[in-house]
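Each chain, letter by letter, is given below.
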Amino acid sequence: MDFNRQYNVCSRDRQKVLTVSLIKQIFAVNVLFYQQRVMAAYREAIPPWKTTIIVSTSLQNHDTCRMLSTQQHRIRFSDSVESGAFIFPLSGTAFLLVDPQDLPQRFEDSGLIERIKTFVQVHRNSFLLLFAPFNGKRELEILSVIQSRFFGSNLRILPVRNNTEIVKGLLTIAKATSKPHVDSIRDRMSLARAHVLESSPVWEMLRDFL
């Protein structure tokens, strides 16, 4: 008899845990859906974003600069920044473009680690754009070495396959981290969460279970 009672209690507890887990998942989906709706409305309501970009003169003839100029961003070429660098002064972000094909066969002789180290020391919010159209053995080895060497640092690595992905990565990150957009995004995320907490029946069910 005690065993049956214990079994029933355990079954109810497991059912409650599963129900709460399911409700949490539904709640998370609702939050994400509403956030996407808010962000979509936000994107439609604002004019196209334009900014100033300081670009290394080594990239003066690179297709990405032409693509950025076509979107009416202001490009300023400079000899004083690291070769292969894109710097967004208004967002405080900096990107270093690295193409493994431009490196010597012996990676140790490339000096890339020293370049990245200097770049990270100068720019607190730094990103490495690793241009790798194909996931070959050499590209993966270079990625692995960089990840191991700068693990725990403020460097974020973004593999890109073509110029379109380079431009998209640059502008998405720079825009999201520049004022007033970063404040607007934060406010809208808070608004979305507050709306779900106030009006979602899922949240009411979740509160009853907790």
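Residues numbered from 1 in each chain as written. Predicted model: local features only at pLDDT ≥ 70, side-chain atom pairs only at ≥ 80, totals over all residues. Heavy atoms only, no water.

Undergrad: What am I meant to see in the packing of helix 2 (residues 63-70) against helix 5 (residues 163-176) here?
TA: Angle between the axes and distance between the axes: these two values describe a pair of packed helices. Close contact between helix 2 and helix 5 brings their axes to 9 Å; oriented N to C, the two are set at 55°. Regarding the angle of helix 2 to helix 5, the classification is oblique. As for how helix 2 packs across helix 5, the hand of that crossing is right-handed. Taking contact as the criterion, the partners of Asp63, Thr64, Met67 and Leu68 in helix 2 are, on helix 5, Asn163, Thr164, Ile166, Val167, Leu170 and Leu171. Its residues placed into classes, the contact of helix 2 with helix 5 shows 6 nonpolar, 3 polar and 1 charged. (Axes fitted to C-alpha atoms, helices over the stretch in contact; angles between N-to-C directions. Helix = DSSP H or I, 4+ residues; strand = E, 2+ residues; numbered from the N terminus. Parallel < 35°, antiparallel > 145°, perpendicular 65-115°, else oblique. Left-handed = near helix turned anticlockwise from the far one by under 90°. Contact = heavy atoms within 4.5 Å. Nonpolar A, V, L, I, M, F, W, Y, C, P; charged D, E, K, R; others polar.)

Undergrad: In this structure, what is going on with the confidence of the model for the chain? I would like to understand it.
TA: Low pLDDT means the predicted atomic positions in that stretch should not be read closely. Averaged over every residue, the pLDDT of the chain is 79; residues scoring 70 or more account for 62%. The lowest-confidence element of the chain is helix 1 (residues 2-45), averaging 57 in pLDDT; the highest-confidence one is strand 3 (residues 85-88), averaging 97. (pLDDT = per-residue confidence, 0-100.)

Undergrad: Teacher, can you tell me more about the sheet that holds strand 5 (residues 126-131) here?
TA: Two orientations exist for strands paired in a sheet by backbone hydrogen bonds: parallel and antiparallel. On the basis of which strands lie adjacent, the open sheet formed by 6 strands has the order 2-1-3-4-5-6 and mixed pairing. Whereas interior strands pair on both sides, the edge strands pair on one side only; in this sheet they are strand 2 (74-78) and strand 6 (155-160). Within the sheet, the average angular offset between the axes of one strand and its neighbour, ignoring direction, is 25°. Sheet topology places strand 5 next to strand 6; 6 bridges connect them, and they run parallel. Bridged to Phe127 within strand 6 is Arg156. Across the sheet, helix 2 touches strand 1 (52-56), strand 2 and strand 3, and the angle it forms with strand 2 is around 145°. (Pairing = 2+ DSSP bridges.)

Undergrad: Where do I start with the packing of helix 3 (residues 112-122) against helix 4 (residues 137-149) in this structure?
TA: In contact at an axis separation of 11 Å, helix 3 and helix 4 are set at 45° when each is read in the N-to-C sense. Judged on the interaxial angle alone, helix 4 and helix 3 are oblique. Both helix 3 and helix 4 take part in a crossing whose hand is right-handed. Along the contact surface, helix 3 presents Leu112, Ile113, Ile116 and Lys117, while helix 4 presents Val145, Ile146 and Arg149. The residue makeup of the contact of helix 3 with helix 4, split by class, is 5 nonpolar, no polar and 2 charged.

Undergrad: Sorry if this is basic, but what is going on with helix 5 here?
TA: Residue pairs three or four apart in sequence face the same way in an α-helix, which turns once every 3.6 residues. Counted at 1.5 Å a residue, the expected span for helix 5 with its 14 residues is 20 Å, and the 20 Å between its end C-alpha atoms agrees. Taken as a whole, helix 5 has its buried residues at Ile166, Val167, Gly169, Leu170, Leu171, Ile173 and Ala174. In this structure, the buried side of helix 5 is in contact with helix 2, strand 3, strand 4 (93-98), strand 5 and strand 6. Sitting at the head of helix 5, Asn162 places a side-chain oxygen 3.2 Å from the backbone nitrogen of Thr164. (Expected span 1.5 Å × (residues − 1). Buried < 20%, exposed > 50% of the residue type's maximum accessible area, 1.4 Å probe, protein only. Polar contact = N/O pair within 3.5 Å; in protein donor to acceptor, adjacent residues only side chain to side chain.)

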